[in-house]
Amino acid sequence: MKEIFAIVRMNKTGATKKALVEAGVAGFTAVKVNGRGKLVDDPAVVAGRKAAMMALADADEAGAEALIDGFLDGHRLFPRRLFIILAHDEDVPKIIEAIMQANRTEHKVGDGKIFVMPMLDAIRVRTGEAGKDAV
């Protein structure tokens, strides 16, 4: 048994839910989280990202530049969605592929991360079933 954590963009929540259902996932949990990826040190890359974000921002919005600077320099966190999925070992590859297909964008960064970990046990509270029967 495995536990899969998938951190995705907020606007990809619906597509991720649909992809998981289509992949045959029986159930999952999704929660709102905030976080950030690795900071970039290259000034040219930062300038390019800032220009792209400013193009998407409302030019009249006060503080848009300060907000974008906060994201780029690490002071602000990005809103994300965390999906938690319990899966049988044989189902993990198709679940990962479904998450990746639903969340891959044309952006160079920020599409998310997937973590797969072994799960020692699971217990269904209602019935007391344990192990693979509980998943």
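Residues numbered from 1 in each chain as written. Predicted model: local features only at pLDDT ≥ 70, side-chain atom pairs only at ≥ 80, totals over all residues. Heavy atoms only, no water.

**Observations regarding helix α4 (residues 92-103)**
Selection rule: Note on conventions: DSSP H or I runs of at least 4 residues are helices, E runs of at least 2 residues are strands, and numbering of each starts at the N terminus. Here a helix's expected span is defined as the number of its residues, less one, multiplied by 1.5 Å. Contacts: residue pairs with any heavy atoms within 4.5 Å of one another.
Under the 1.5 Å per step criterion, the end-to-end length of α4 is 17 Å for 12 residues, consistent within 8% with the ideal 16 Å. The inward-facing, buried residues of α4 contact β1 (2-9), α1 (13-22), β3 (78-87) and β4 (113-118).

**Regarding the nonpolar core**
Test applied: Residue types Ala, Val, Leu, Ile, Met, Phe, Trp, Tyr and Cys, when buried and joined through side-chain atoms within 4.5 Å, form a set referred to as a nonpolar core. Between buried and exposed lies partly exposed: a residue is buried under 20% and exposed over 50% of the maximum accessible area for its type, with that area taken using a 1.4 Å probe on protein chains only.
Counting residues in hydrophobic clusters, the biggest one holds 11 residues: Ile4, Ala6, Val8, Leu20, Val25, Phe83, Ile85, Ala87, Val92, Ile95 and Ile99. Put simply, the parts of the chain that give this core at least two residues each are β1, β3 and α4. Among residues more than four places away in sequence, those in contact with Leu20 are Val25, Phe28, Phe83, Ile85, Ile95 and Ile99.

**Overview of the sheet that holds β4**
Within a sheet, adjacent strands bond to each other through the backbone by hydrogen bonds, running parallel or antiparallel. Operational definition: For two strands to be treated as a pair, DSSP must find at least two bridges joining them. Inter-axis angles, ranging from 0 to 180 degrees, are taken between N-to-C directions of lines fitted to C-alpha atoms, where helices are fitted over the stretch in contact.
Read across the open sheet, the 4 strands follow the order β2-β3-β1-β4; overall the sheet is antiparallel. The sheet is open, and its two borders are formed by β2 (29-35) and β4, each paired with just one other strand. Between one strand and the next, the sheet's axes are offset by a mean angle of 25°, whatever the strand orientation. Pairing of β1 with β3, which is carried by 8 bridges, proceeds in the antiparallel orientation.

**Quick notes on the side chain of Thr16**
Definition in use: Pairing of N or O atoms within 3.5 Å defines a polar contact, subject to two protein rules: one partner must be a possible hydrogen donor and the other a possible acceptor, and residues neighboring in sequence count only if both atoms are side-chain atoms.
Summarising the element assignment, Thr16 is placed in helix α1. What makes Thr16 buried here is its relative accessible area of 1%. A polar contact is formed between the side chain of Thr16 and the backbone oxygen of Lys12, at a distance of 2.7 Å. Discounting residues that sit within four places of it in the chain, Thr16 has contacts with Val8, Phe83, Ala102 and Asn103.

**Details of the packing of α1 against α4**
Condition: Each angle is binned into one of four classes, with values under 35 degrees roughly parallel, values over 145 roughly antiparallel, values of 65 to 115 roughly perpendicular, and all other values oblique. For any pair of crossing helices, the crossing counts as left-handed if the nearer helix is rotated counterclockwise from the farther one by less than a right angle, and right-handed if it is rotated clockwise. Gly counts as polar in this scheme, as do all residues outside two lists: the nonpolar Ala, Val, Leu, Ile, Met, Phe, Trp, Tyr, Cys and Pro, and the charged Asp, Glu, Lys and Arg.
α4 packs onto α1 with a crossing angle of 150° between their chain directions and a minimal axis gap of 9 Å. Classified by the angle their axes make, α1 and α4 are roughly antiparallel. Considering the relative orientation of α1 and α4, their crossing is right-handed. Together, Ala15, Thr16, Ala19 and Leu20 of α1 and Ile95, Ala98, Ile99, Ala102 and Asn103 of α4 make up the contact between the two elements. In terms of residue class, the contact of α1 with α4 is built from 7 nonpolar, 2 polar and no charged.

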